[in-house]
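Secondary and tertiary structure notes
Next come the chains, spelled out residue by residue.
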Amino acid sequence: MKIAEPFVSTTNACKMCTPLGAAMAFKGLEGCVPFLHGSQGCATYMRRYIISHFREPMDIASSSLGEKDAVYGGKANLMQGLLNVIGKYKAPAVGIATTCLTETIGDDVPTILHEFRKECPADLNGEMPALIHCSTPSYGGSHMEGFHAAVRAMVAQLADPETATHRGINIFSGFVSPEDIRHLQDVFAHFGLPATLLPDYSETLDGPALEDYQNIPGGGTPLDAVRAMPGAGASIEFGRTIKPERSAGTVLRDKYGVPLHSLGLPIGLRESDALFTTLETLAGCSAPRRYALERGQLLDAMVDGHKYVAGKKAIIYGEEDLVVGLTSFLSEIGIKPVLVASGGESGLLAEAVAAVTGEFSGDPPLVRDGVDFYQIVAEAEALEPDLVVGNSKGYRELARARNIPLIRVGFPIHDRFGSQRVLHLGYRGALSLYDLIVNALIEKKQEDSPIGYGYI
Amino acid sequence: MEPVIFEERKTQIHRKGAEPFSISCNKSSLAGAVSQRACVFCGSRVVLYPIADALHLVHGPIGCAVYTWDIRGALSSGPELHRLSFSTDLREKDVIFGGEKKLHQALIELIDLHKPNAAFVYSTCIVGIIGDDLKAVCKKVQAEKGIPVIPVQSEGFKGNKREGYLAACEAMFQLVGTGDTSTISPLSVNILGDFNLAGEIWIIQDYLKRMGVEVVANITGDGRVADVRRAHGAALNLVQCSGATMDLAKMMKEKYGIPFIRVSYFGIEDMSDALYDVAKFFQDKDPEIMARTQELVREELTALYPKLQTFRKDLEGKKAAIYVGGAFKAFSLIKSFRHLGMNVVMVGSQTGTEEDYQELAEITDEGTIIVDDTNPLELSAFIKEKDVDIFVGGVKERPIAFKLGVGFCDHNHERKEALEGFLGMYNFAREVHATVTSPVWNFTPRRRKSPIAVGTAEEACLS
Ligand code: SF4
Ligand code: SF4
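The shown structure was predicted, so the numbers you read here are calculated from the model rather than taken from an experiment.

As for the site of ligand 1
Around ligand 1 lies a shell formed by C17(A), P19(A), C42(A), M46(A), T99(A), C100(A), S138(A), P61(B), G63(B) and C64(B). Around ligand 1, the nearby residues trace back to chains A and B. Within the residue set of the shell around ligand 1, elements represented by two or more residues are α2 (40-54) of chain A together with α2 (62-66) of chain B. Residues belonging to the shell around ligand 1 are distributed by class as follows: 7 nonpolar, 3 polar and no charged.

Following this line, the structure appears as structure tokens:
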């Protein structure tokens, strides 16, 4: 099989930068304003990017460094910026992520925050919010590293074993859609398992129409719930490509002895089974009937539709954990993943893909990490895929250029409506993805047919 | 109202009539305020990006290139190299040891692969800090590959978008004057500062063609390197938008003696004025041109007016707020709204100059809020205070309007609807009408007539 040449340059990156992931994660903490320590442009660009996916306000403050600050350090701007944002937003928490610029000039943010906490309470009438900080130079990884870094920072910096009254489950669901988060909440509620889900941007980035503009949208994981995480009975963390040193669950396990269940993103039948089995163990009962039904309906659909999808070849791209879950699902339904690609570079992708595809016969998919769309397109040439599964970014050069359907999942979806409501997880998520895929293939067949069958 | 305004920003807001005109602007954004502004790099990228047969390589870590990948609607009638996003994707070791070697290799491979007619290399914040010598690398590659390889000094932190415009103009000016001008008509113009969003430049070109005027170079929408090289052969520069390409026009005037006029293609008056100004400029060379222009405008307006009147019926007396990148566009928008019987009650921009704001103060009604470099807190407060019916802005402003139950029209670089020319005025009116008159506002909580009880507890109905 032809392997695209390694390029020095990146063309049409299949990733975003680290602070974007951090800002997303901070948006899932109640009352938290994401704050980028760097120059103004980065924050504005990321806001714009995120807003066009969610169609919701996404305020990201910036310390707006200028030329002088870049030379002499950003301390003054960071302190002033924090005072301003805290003063105006009255935020109970601020999530501060560095950018490439402030990492390169070497600003020592923890020390600056320490001084801020000492010097500024008077200016804030003693109301010092929780200041969470993570280091996110973009040249050190993609948006997923930033996302995990922020989740881990929230846990590590807020967890307080003294106030840990929580006895439920901690769940770190990763970079999923608001609909996914809502679904998980339902699942836990139906199991009767009290859970703290972090981050929870299901409301902050998919809010209702309200009487007034919210400077800080409602929703998010309560600060106290994060503080209480060390008291939980267990943690569940999704993602087969999270290294232990990046994981929030590991912090709680190693520091506070909270047992950790590391699972893949529950996409498709087997990965969802793994989640439900874990939940059954934790709850000490079998899953509520509705989930047995959902599982049965999924299976039924898989049988009903199997000939439409049989042997079809798919290219899957996006965040590493997402593509592992999708690969697992597509393999189960009889679609051949021919290329599994990600801009991420955890080094764990190939192994994770092998783990979810291993039990099926046939050629294993080509797995490529650290790639961009130029390379993905080059590979696609020989692979002759029938469909493409990933975010909007593969539309023009990959899907449209070959006249094949694109199933839009993940982030960003900039060319469709309702991206917040795409459900990927659980039996129900698998079922809705299944419908999307089968219908896309039917539509393609119908459109390509000279007869124009109205009944397929 | 007051508490949302930062003390430091009070001088950047003016209320017409309440006080004598004064406004401060062109300041760096306030730390901690969620400015709607981008950076120097953004300014350069906006201006140069639509040159479709050039390679646009962003030298820096990945984000700066990712977030600017094909986000604008700048169309090309031919090559589409500009719609790809190229980056050197700097990594830790490049930051430590310098990125010059990587930049060199990236340029060579991309030029070999895509055979562009020129390359623009944008520097970002990090490049400014690690001190890569962009000029030297560009010079070397230019010698090796035989195409212009032009550094764009656009480190994000070195100011705001305006500095980016200047950097872009300086980069482009290196191309101007290097092409053959022998076949250019005496009745010829360059179109500056139009980005061909949704194909707008084609509308303008059509008008100019009907007037008998040749367009030498589109700078920069649907732009071509070869055209920019011979742009100094045009008789006149038409500069749209106050900020973006003004510097280039000035440089061309100084070096090649080409006069320029400022134009706007938005709205009926400004579009007509632009065409008449061109006709006036050329009437010595072609006495018929004025008649042809009048005929064109008459034809277009005859078709447009009745359609506008039907929209106007529903829009009379409604209130509009405007927040756009450059202030120049705001002038045209204010006039356009008047044609629809609407009043502008708030207007602002990211990068206006003091003269821009002064002019805005002159043409707006008493009580209008004029604002420089604002943020979501202020914008939402202004919209509520003035109880507006429509907000004109870009993608970042849209959710503010919608959350407040207010209509919205995208008038920024990302719009996919042509708003220039007479056709554009029709599209604008249609969009304004569609959003302002939508039945959904009857149901949004802020606007609905009677309050709806909202349960407090999750399971209230069960108890
Ligand atoms: S400088 Fe870094 S943080 Fe800022 S946009 Fe570029 S990659 Fe992202
Ligand atoms: S501010 Fe600097 S780093 Fe951020 S987007 Fe602009 S150029 Fe890139």
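Anyway, onward from the coordinates.
Points about the site of ligand 2
Near ligand 2, the surroundings consist of S39(A), G41(A), C42(A), Y45(A), C39(B), F41(B), C64(B), T124(B), C125(B) and G156(B). With respect to ligand 2, the chains having nearby residues are chains A and B. For the shell around ligand 2, the leading source of residues is α2(A), giving 3 residues.

Some words on the nonpolar core
In this structure, L29(A) and F120(B) are the most contacted members of the largest nonpolar core, which totals 148 residues. Apart from the residues lying within four places of it in its own chain, the contact partners of F120(B) are L48(B), I51(B), A54(B), L55(B), H56(B), L57(B), I150(B), V152(B), A171(B) and L175(B). Of all hydrophobic cores here, the second largest spans 62 residues; its members include Y207(B), I268(B), A279(B) and I390(B).

Regarding the packing of helix α14 (residues 320-333) of chain A against helix α18 (residues 426-448) of chain A
Residue and element names in this part refer to chain A. One can describe the packing of α14 onto α18 by two numbers: an axis separation of 12 Å at closest approach and a directional angle of 65°. Between α14 and α18, the interaxial angle falls into the category roughly perpendicular. Crossing of α14 over α18 shows right-handed handedness. Packed against α14, whose contacting residues are L326, F329, L330 and I333, the element α18 presents A430, L433, Y434 and I437 at the interface. For the contact of α14 with α18, the per-class residue count stands at 8 nonpolar, no polar and no charged.

Regarding the sheet that holds strand β7 (residues 214-220) of chain B
Residue and element names in this part refer to chain B. Pairing within the open sheet is parallel, and its 4 strands lie in the order β7-β6-β8-β9. Edge positions in the sheet fall to β7 and β9 (260-263), since each has one partner strand and no second. In this sheet, neighbouring strand axes are inclined to one another by 20° on average, regardless of whether the strands run parallel or antiparallel. Where strand β6 (residues 188-194) and β7 come together, 6 bridges link them in parallel fashion. In the sheet register, I191 faces β7, and the bridge partner there is N218. Helix-sheet contacts for helix α10 (residues 246-256) involve β6, β7, β8 (236-240) and β9, and the interaxial angle to β9 is about 165°.

Overview of the sheet that holds strand β13 (residues 390-393) of chain B
As a general point, the strands of a sheet are linked pairwise by backbone hydrogen bonds and lie either parallel or antiparallel. Residue and element names in this part refer to chain B. If you walk across this open sheet you meet the 6 strands as β1-β12-β11-β10-β13-β14, and the pairing is mixed. In this open sheet, the two strands that pair with only one neighbour each are β1 (13-15) and β14 (407-410). In this sheet, adjacent strand axes meet at a mean angle of 15° when their direction is disregarded. Bridge count between strand β10 (residues 319-324) and strand β11 (residues 343-349): 6 bridges; the pairing is parallel.

Concerning a nonpolar patch on the surface
All names here are of chain A. Together, Y308, I451, Y453 and I456 give the surface a local cluster of nonpolar side chains, amounting to about 400 Å² of exposed area. Tracing the chain through its elements places I456 in the segment after α18. I456 gets classed as partly exposed once you look at its relative accessible area, which sits at 41%.

Describing the interface of chain A and chain B
Listed per partner, the contact involves 63 residues of chain A and 67 residues of chain B. Buried area between chain A and chain B, both sides added, is near 5700 Å², and the carbon and sulfur share of it is 61%. Its largest share of buried area at the contact with chain B, chain A owes to Y45(A), Y139(A) and Y213(A), together 14% of the area lost on that side. Our count for the contact surface shared by chain A and chain B stands at 8 salt bridges. For the pair chain A and chain B, the interface holds 23 residue pairs in polar contact (both at pLDDT 80 or more). Counting residues per element, the ones that place at least two in the side of chain A that touches chain B are β1 (10-11), α2, β3 (61-62), α3 (67-72), α4 (75-89), α5 (100-105), α16 (373-383) and α17 (395-402) of chain A. It is α2(A) that contributes the most residues to the side of chain A that touches chain B, 10 residues altogether. Across 2 bridges, the pairing between β1(A) and strand β3 (residues 86-87) of chain B is antiparallel. Its bridge partner lying in β3(B), T11(A) is registered against F86(B).

Regarding the pattern of salt bridges
Scanning the model with the defined rule gives 48 salt bridges over all chains in all. Note that R48(A) is salt-bridged to E414(B), the shortest N-O span being 2.7 Å. Of the two residues, R48(A) is situated in helix α2 and E414(B) in the loop between β14 and α17 (421-436); the pairing between them involves two chains. The same class applies to R48(A) and to E414(B), which are both buried. Close ionic contact of K145(B) with D112(B) constitutes a salt bridge, the shortest N to O distance being 2.7 Å. Residue K145(B) is located in helix α6 (residues 134-145), and its partner D112(B) is located in helix α4 (residues 100-114); the two are separated by 33 residues in the primary sequence. On the accessibility criterion, K145(B) (28% relative accessible area) is partly exposed. Linked through salt bridges whose partners overlap, the residues forming this network are R396(A), E397(A), D70(B), E80(B) and R83(B).

Reading the values: rules and limits
- Residues numbered from 1 in each chain as written.
- Chains lettered and ligands numbered in written order.
- Predicted model: local features only at pLDDT ≥ 70, side-chain atom pairs only at ≥ 80, totals over all residues.
- Heavy atoms only, no water.
- Near = heavy atom within 4 Å.
- Helix = DSSP H or I, 4+ residues; strand = E, 2+ residues; numbered from the N terminus.
- Nonpolar A, V, L, I, M, F, W, Y, C, P; charged D, E, K, R; others polar.
- Core = buried A, V, L, I, M, F, W, Y, C linked by side-chain atoms within 4.5 Å.
- Buried < 20%, exposed > 50% of the residue type's maximum accessible area, 1.4 Å probe, protein only.
- Contact = heavy atoms within 4.5 Å.
- Axes fitted to C-alpha atoms, helices over the stretch in contact; angles between N-to-C directions.
- Parallel < 35°, antiparallel > 145°, perpendicular 65-115°, else oblique.
- Left-handed = near helix turned anticlockwise from the far one by under 90°.
- Pairing = 2+ DSSP bridges.
- Patch = residues over 30% accessible without salt bridge, like charges linked within 9 Å, V, L, I, M, F, W, Y side chains within 5 Å.
- Areas by Shrake-Rupley, 256 points an atom, 1.4 Å probe, with all protein chains shown as cover.
- Salt bridge = Lys/Arg side-chain N within 4 Å of Asp/Glu carboxyl O.
- Buried area = accessible area lost by both parts, 1.4 Å probe.
- Polar contact = N/O pair within 3.5 Å; in protein donor to acceptor, adjacent residues only side chain to side chain.

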